[in-house]
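Descriptive structure summary
What follows is each chain in one-letter form.
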Amino acid sequence: MAIKELHHLTSDQLVRQKDLIKPSSAYQQGTFSCVGSTESFSIMSFTGKYELQSQENFEPFMKALGLPDDQIQKGKDIKSISEIVQDGKKFKITVTTGSKVLHNEFVIGEECEMETLTGEKVKAVVQMEGNDRLVTNLKGLKSVTELNGDTITHTLTMGDLTYKRISKRI
């Protein structure tokens, strides 16, 4: 159901339909509520292309993961591009860093196989917290991807070491 079709729904119908509502454009998002109702919800679309703007703790984090120094040196100054396609609870994420391409697909709440930064394939379940945060654990590595307007912040935590990437929609 497209957002533009919501105007005729009662508050009860709106609440029942909230999981079926999709933005008609990748850039459309909003909060919906009905007069006389205490229910409201937001729709955020992760869909888009994002360019890396900044990162924190790249080198120490990649060393801790076991990446070779030459790969770390090559990757530290490249502005990677992340492309996200969201269709309801289904996600396709492609991260291109120079010639390296990392591709993962998943459905929120379902087990899937994901490729890690080291190229290893691991089983994981991605959960959505609220409507703007994707969270998963990959073999001792916690991944949190948060959307705030046109900015995506991706934080990876392993033990007491944290790596943070900030990307903007292009």
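Side note on the pairing of strand 13 (residues 161-169)
As judged from the six bridges shared by strand 3 (residues 48-56) and strand 13, these two strands associate in the antiparallel manner. Each bridged residue has a counterpart across the sheet, and for E51 the counterpart in strand 13 is K168. The turn joining strand 12 (residues 151-158) and strand 13, which pair antiparallel and follow one another in sequence, is formed by two residues; a positive phi near 65° is taken by G159.

Things to note about the pattern of salt bridges
Evaluated as defined, the whole model comprises six salt bridges. The closest approach of N and O atoms between E146 and R133, which form a salt bridge, is 2.8 Å. Within this pair, whereas E146 is found in strand 11 (residues 141-148), its partner R133 is found in strand 10 (residues 133-138), the two being separated by 13 residues in sequence. By relative accessible area, E146 is classed as partly exposed at 29%. The salt bridge partner of R169 is D150, with a shortest N-O separation of 2.8 Å. Of this pair, R169 sits in strand 13 while D150 sits in the loop between strand 11 and strand 12, placing them 19 residues apart in sequence. With relative accessibility at 12%, the residue R169 sits in the buried group. Through salt bridges with shared partners, a single ionic network connects E129, R133 and E146.

Cut-offs used in this document
Residue indices begin from 1 for each chain and proceed along its sequence in written order. Confidence filtering applies because this is a predicted model: local features only for residues at pLDDT of at least 70, side-chain atom pairs given and counted only at 80 or more, and all residues used for totals across whole chains, interfaces and linings. Side-chain descriptors were evaluated using all non-hydrogen atoms of the structure, hydrogens and water having been removed beforehand. By the convention used here, strands pair only if DSSP detects at least 2 bridges between them. In this text, helices come from DSSP runs of H or I with a minimum length of four residues, and strands from runs of E with a minimum of two, each type numbered from the N-terminal end. We define a salt bridge as a side-chain nitrogen of Lys or Arg found within 4 Å of a carboxyl oxygen belonging to Asp or Glu. Each residue's exposure class comes from its accessible area (1.4 Å probe, protein chains only) as a fraction of the maximum for that residue type: buried when under 20%, exposed when over 50%, partly exposed otherwise.

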